[in-house]
Amino acid sequence: MTSSPAPADKPPRRRRTSAASTPSRGLRAGYAMRGLQGKVIDALGRDIVGGTYAPGSLLPKEAELTAAYGVSRTSVREAMKVLSAKGLIEIRQKIGTRVRARDLWNVFDSDVLTWHHQQGLSESVMRDLIELRQVIEPAAARFASSRASMADLRRIERALADMARHVTDPVGYAESDVEFHMAVFAASHNALLSRFGHLVADFLHMSFSMQQEAVSRSGVDFSKDAEEHRRVYDAINRGEPDAAAAAMLNVILDGKRALGEAMETLSR
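Just so we're clear, the structure is a prediction, and the values are computed from it rather than from any experiment.

Undergrad: Explain the overall build of the protein to me, please; I cannot follow it from the model alone.
TA: Counting its secondary structure elements, the protein contains ten helices and two strands. Helices (α) and strands (β) of the protein occur, in sequence order from the N terminus, as α-α-α-β-β-α-α-α-α-α-α-α. When burial is assessed residue by residue, the protein has 47% of its 268 residues classed as buried. Long-range pairs, those at least 24 residues apart, make up 72% of the contacts in the protein between residues at least 6 apart in sequence. Working note: accessible area of the protein is about 12,600 Å², and carbon and sulfur atoms make up 51% of it.

Undergrad: I tried to follow the environment of Leu132 on my own but got confused; where do I start?
TA: As for its placement among the helices and strands, Leu132 is situated in helix α5 (residues 122-147). According to the relative accessible area criterion, Leu132 is partly exposed, its value standing at 31%. Dropping the residues within four chain positions of it, Leu132 is found in contact with Phe108 and Phe196.

Undergrad: Got a minute to help me understand the packing of α5 against helix α7 (residues 170-187) in this structure?
TA: If you want to describe how two helices pack, look at the angle between their axes and the distance between the axes. Following both chains from N to C, one finds α5 and α7 inclined at 60°, their axes separated by 7 Å at the closest point. Put simply, α5 runs oblique to α7. You can see that α5 and α7 cross each other, and the crossing is left-handed. Facing Arg133, Ile136, Glu137, Ala140, Ala141, Ala144 and Arg147 of α5, the residues of α7 in contact are His181, Val184, Phe185 and Ala187. Looking at the contact of α5 with α7, its residues break down into seven nonpolar, one polar and three charged.

Undergrad: Explanation requested: the packing of aromatic side chains in the structure shown.
TA: Geometry of an aromatic ring pair is reported as the spacing of the ring centres plus the angle between the planes. For the structure shown, the criterion picks out three aromatic pairs. Between Phe108 and Phe196, the aromatic rings sit 6.2 Å apart at their centres with planes inclined by 80°, giving edge-to-face as the arrangement. Pair noted here: Phe108 is in the loop between β2 (96-99) and α4 (110-118) and Phe196 is in helix α8 (residues 191-216), with a separation of 88 residues, a long-range link. A residue is classified by how much of its surface remains accessible, and Phe196, at 10% relative accessible area, is buried. Ring geometry for Phe185 versus Phe196: centroids 5.8 Å apart, planes at 65°, classification edge-to-face.

Undergrad: So what exactly am I meant to see when it comes to the side chain of Glu137 here?
TA: Its place among the elements puts Glu137 in helix α5. The class of Glu137 is buried, set by a relative accessible area of 2%. Beyond its immediate sequence surroundings of up to four residues, Glu137 is in contact with His181, Phe185, Leu204, Met248 and Ile252.

Undergrad: Explanation requested: the pattern of salt bridges in the structure shown.
TA: Where charged atoms from two side chains of opposite charge approach closely, those side chains can pair. Within this structure, the stated rule accounts for 15 salt bridges. Of the charged contacts, one joins Glu137 and Arg133 as a salt bridge, the two residues approaching to 2.3 Å between their closest N and O atoms. With a gap of four residues between them, Glu137 and Arg133 both fall in helix α5, about one helical turn apart.

Undergrad: Just to check I follow, could you spell out the pairing of β2 for this structure?
TA: Within a regular strand, side chains alternate between the sheet's two faces. Where strand β1 (residues 89-92) lies against β2, four bridges are found, and the strand directions are antiparallel. Along β2, the bridge assignment pairs Arg92 with Gly96. Where β1 hands over to β2, the hairpin turn is made up of three residues, of which Lys94 adopts a positive phi near 65°.

Undergrad: Sorry, what's going on with the side chain of His116 here?
TA: Tracing the backbone through its elements, the reader meets His116 in helix α4. With relative accessibility at 7%, the residue His116 sits in the buried group. Non-local contacts of His116, meaning those with residues more than four positions away in its chain, are made with Val49, Arg102, Trp105, Leu121, Ser122 and Val125.

Undergrad: Would you mind showing me how to read α7 here?
TA: Count 3.6 residues to each turn of an α-helix, and residues three or four apart come out pointing the same way. Here α7 contains 18 residues, and its C-alpha end-to-end distance of 26 Å stays within 8% of the 26 Å for a straight helix at 1.5 Å per residue. Within α7, 13 of the 18 residues are buried, which leaves the element mostly enclosed by the surrounding structure. Immediately beyond the C-terminal end of α7, within one or two residues, lies His189, with a positive phi of roughly 50°.

Undergrad: For this particular structure, what's the right way to read the environment of Ile130?
TA: Mapped onto the elements, Ile130 comes out in helix α5. Taking relative accessible area as the criterion, Ile130 reaches 5% and is therefore assigned buried. Contact partners of Ile130, with chain neighbours within four places excluded, come to Ile252, Lys256 and Leu259.

So, how was this worked out
Residues numbered from 1 in each chain as written. Predicted model: local features only at pLDDT ≥ 70, side-chain atom pairs only at ≥ 80, totals over all residues. Heavy atoms only, no water. Helix = DSSP H or I, 4+ residues; strand = E, 2+ residues; numbered from the N terminus. Buried < 20%, exposed > 50% of the residue type's maximum accessible area, 1.4 Å probe, protein only. Contact = heavy atoms within 4.5 Å. Areas by Shrake-Rupley, 256 points an atom, 1.4 Å probe, with all protein chains shown as cover. Axes fitted to C-alpha atoms, helices over the stretch in contact; angles between N-to-C directions. Parallel < 35°, antiparallel > 145°, perpendicular 65-115°, else oblique. Left-handed = near helix turned anticlockwise from the far one by under 90°. Nonpolar A, V, L, I, M, F, W, Y, C, P; charged D, E, K, R; others polar. Phe/Tyr/Trp six-rings, centres within 6.5 Å; stacked < 30°, edge-to-face > 60°. Salt bridge = Lys/Arg side-chain N within 4 Å of Asp/Glu carboxyl O. Pairing = 2+ DSSP bridges. Expected span 1.5 Å × (residues − 1).

By themselves, these are just geometric observations and shouldn't be taken as functional.
Dropping the structure here:
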């Protein structure tokens, strides 16, 4: 995801979200919010996304923030750099630090996504992601059907085999599900599509984890979903662009339905 300046108090550790993390426990794939600076970043990030500080408004002055959080000026300044890199704020000399318009936020940043979820705002973000995937992923599968190398096909097939092995394991299934989609993006051999795949990886991980968490409560396995993904692989392997695109669209639409059901289940 988008990188940000390193904190002064404690360097951040990048770590991937575990599929075992349910929405209620928090999903973190960006900065591990540690130390005093992490406290400021996390608190202000949540408050900005949640609307405590509305777009266009000025944040409290530096002295107020140091007093409120009990941290040094250096910690506050470095935290502001991180939030600025995430697109949430703009820092202007002699004016102050202003919250940017929502459409300028880096919504592909995993911490920004997490703050949306913590504030009960993830539904609209997820809906937008599904719509974007409906446009982009069938095209990636179409390109992959004519461009995939033997190594690409092996990578997709390995991810598919991992999915089949984990059909009763929500944790393992979510991991291999994300890897399948990343492998298809890579097989498109389009630099921008591949980059997009990396940008949405955390979104995919979060949405898949939510789906699998909800489904696992009823004891249902994911065999049918794995079979739908196999159809994508088979079409790519046979070099059938229309079939590959159609199969990928079916996977995404099935996921859209499952995500809607999952969010309803998890909200009860």
